[in-house]
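Here's the letter readout for the chains.
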2 protein chains.
Amino acid sequence: MANAPPPLSPRKTPRQARSKATVHAILEAAARILETQGADAVTTNAVADRAGVSVGSLYQYFPSKEAIFAELIRQMRAQMRDDIFRAMDFVVGKSLSFAMARLVRAVIHHHVHRAHRADALEHLEAQLPPDPDSLAMMSQTRARLALCLTQHDVPQPEQAAEDVLNLIIGMAHPALHDGETDFDSLARRIDPAVLGYLGANVTVS
Amino acid sequence: MANAPPPLSPRKTPRQARSKATVHAILEAAARILETQGADAVTTNAVADRAGVSVGSLYQYFPSKEAIFAELIRQMRAQMRDDIFRAMDFVVGKSLSFAMARLVRAVIHHHVHRAHRADALEHLEAQLPPDPDSLAMMSQTRARLALCLTQHDVPQPEQAAEDVLNLIIGMAHPALHDGETDFDSLARRIDPAVLGYLGANVTVS
DNA sequence: CCAAAATGTGAGCAATGGCTCATGTTCAAC
DNA sequence: GTTGAACATGAGCCATTGCTCACATTTTGG
């Protein structure tokens, strides 16, 4: 009857240094296979093999293959959140256009840094059941941006924060994916789009 | 030695009305399973079952499961291209802002119409080997938009066409996916972003 | 009508891959 | 040392699934 769906959170927390290394190796191996060979190549056997551990060990820490993906996605979302937090902290008190320029470059940098990994992970995320932790991190990211926009008197800052993030990612992601290497040119093309969006709502102060 | 990779094009063209119906039923079944249950649920047996045909028939017309996906993607790209062609034809001689507004609404309409299907297909496309036909259709789409931009003296129209499409899709797609239902509000938020982008390159004439 | 071509069937093969479990090894605490 | 918990192993179970093939049925052309 009560046939609970398998959880996506790690199965057991490692206590010794040895097992921490195991968990790290598993995640790293999964990520590398994902980047280089695509999602279908990420089999539990392949991951364990590449991590230099046995499948049994893998299943001591992750209840399912999907739990590994969920953890990788969590890490990516956390990094993006932190990147954007840093960018927003840096521009406190600066002009809106300066703040947005910084945001644009933070997002581009984030995508460049983890290009293939982030790419594949985002596709995976769409196919997995939504993870509360990941959702929370994205929510925090938007909230921090909304705070910045509020301080510049942008109306409906939550809506604007979401739109602006989608706009930047939507432009940067395909461009970088298609091999765009002139990051500066890309940033300078995104800037006016962001300001154009905000310009409809704010008179530049 | 010469172990050719399985082609993604249909295996045999149906000649009789009966088999045309079979092919159509297979594609429709695959699309419906994809929409409702996700990519992993699309097995050849499930598709044949839902289409009301046998697996054998399926493999008479598609050399592999991926060929079915490739065909669905081709259909989606063709429809998007045609939608945008129609929109661009309609705005010949009109102002740039009018043209862009029309484009924005065409893209939104396209995504609304085939919401879940287009969503899943685009994710699949990233995992499949690139299909020449699909690439050609996207190229034609960009070219048509670039022509429109050229007629409004937008510099670097090819680059701009790509950016504008990415911008519109990038904003519309996540919003619609998150259940946004006020399409008019969405369109009116995208408009200024597009004009902002173009505004950096053109003085409004 | 009748062959030949086109179309359709579905049991089942072969391969894959998620995951378990019986067993062995290392570590920490006393 | 000893003991129990934590950690690791990997052969292999079992379910799934892409796909084939030997055979049946329908359609077409003459």
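These figures come from a predicted structure and were not determined experimentally.

All names here are of chain A. For serine 19, the position within the fold is in helix H1 (residues 17-37). Under the relative-accessibility criterion, serine 19 is labelled buried at 10%. Expressed as a C-alpha distance, the spacing of serine 19 and methionine 76, which sit 57 residues apart in the sequence, is 22 Å. Those residues in contact with serine 19, other than ones at most four positions away along the chain, are Pro14 and Tyr61.

A few words on the interface of chain A and chain B. Between chain A and chain B, the contact holds 22 residues from the first and 21 residues from the second. For the pairing of chain A and chain B, the buried interface totals around 1,800 Å² over both sides, and the portion due to carbon and sulfur atoms is 56%. Three residues, His123, Met171 and Arg189 of chain A, lead the burial of chain A against chain B; their summed loss comes to 27% of the area buried on that side. At the junction of chain A and chain B, the tally comes to two salt bridges. Connecting chain A to chain B are five residue pairs in polar contact (both at pLDDT 80 or more). Counting residues per element, the ones that place at least two in the side of chain A that touches chain B are helix H6 (115-127), helix H8 (157-177) and helix H9 (183-199) of chain A. Element by element, the count of residues in the side of chain A that touches chain B is highest for H8 of chain A, at nine residues. Partitioning the side of chain A that touches chain B into residue classes produces 10 nonpolar, six polar and six charged.

Looking now at the UniProt feature "domain: HTH tetR-type" (unreviewed entry) in chain A. Per the UniProt entry, the sites bearing "domain: HTH tetR-type" (unreviewed entry) are residues 20-80 of chain A in this numbering. Split by type, residues 20-80 of chain A is 80% helix and 0% strand. Its first and last C-alpha atoms lie 24 Å apart.

Residues and elements named next belong to chain A. Splitting chain A by domain gives domain 1 (17-63) and domain 2 (67-199). Taken over C-alpha atoms, the centre of domain 1 sits 28 Å from the centre of domain 2. Counting residues at the interface gives 12 residues for domain 1, matched by 11 residues for domain 2. Together, the buried faces of domain 1 and domain 2 total about 1,000 Å²; carbon and sulfur atoms form 81% of this surface. Among the residues domain 1 hides against domain 2, the three largest losses belong to Leu27, Leu34 and Glu35. Together they make up 51% of the total. If you look at where domain 1 meets domain 2, you find two salt bridges.

All right, on to the pattern of salt bridges then. Considering all chains together, one arrives at 26 salt bridges over all chains under this definition. Arginine 74 of chain B is paired through a salt bridge with glutamate 71 of chain B; the nearest N and O atoms lie 2.5 Å apart. With arginine 74 of chain B and glutamate 71 of chain B both in helix H4 (residues 65-90), this residue pair falls three residues apart, about one helical turn. In terms of burial, arginine 74 of chain B and glutamate 71 of chain B fall into one category: buried. Between aspartate 131 of chain B and arginine 74 of chain B there is a salt bridge, with its nearest N and O atoms 3.0 Å apart. Placement of the pair is aspartate 131 of chain B in the loop between helix H6 (115-127) and helix H7 (132-150) and arginine 74 of chain B in helix H4, with a sequence separation of 57 residues. The pair aspartate 131 of chain B / arginine 74 of chain B is uniform in exposure class, with both members buried. Through salt bridges with shared partners, one network takes in Glu71, Arg74, Asp131 and Asp133 of chain A.

A few words now on the protein's contact with DNA strand D. Near DNA strand D lie 24 residues; those nearest to it are Arg15, Thr22 and Ser57 of chain A together with Thr44 and Tyr59 of chain B. The sugar and phosphate moieties of DNA strand D supply 69% of its atoms located within 4 Å of the protein. A distance of 2.8 Å separates a phosphate oxygen of DNA strand D from a polar atom in the side chain of serine 19 of chain A. Contact distances for DNA strand D include 2.7 Å between a phosphate oxygen and a side-chain N or O atom of tyrosine 59 of chain B.

Cut-offs applied
Residues numbered from 1 in each chain as written. Chains lettered and ligands numbered in written order. Predicted model: local features only at pLDDT ≥ 70, side-chain atom pairs only at ≥ 80, totals over all residues. Heavy atoms only, no water. Helix = DSSP H or I, 4+ residues; strand = E, 2+ residues; numbered from the N terminus. Buried < 20%, exposed > 50% of the residue type's maximum accessible area, 1.4 Å probe, protein only. Contact = heavy atoms within 4.5 Å. Buried area = accessible area lost by both parts, 1.4 Å probe. Salt bridge = Lys/Arg side-chain N within 4 Å of Asp/Glu carboxyl O. Polar contact = N/O pair within 3.5 Å; in protein donor to acceptor, adjacent residues only side chain to side chain. Nonpolar A, V, L, I, M, F, W, Y, C, P; charged D, E, K, R; others polar. UniProt positions renumbered as here; feature names shortened; annotations may be inferred. Domains from an automatic or database assignment. Near = heavy atom within 4 Å.

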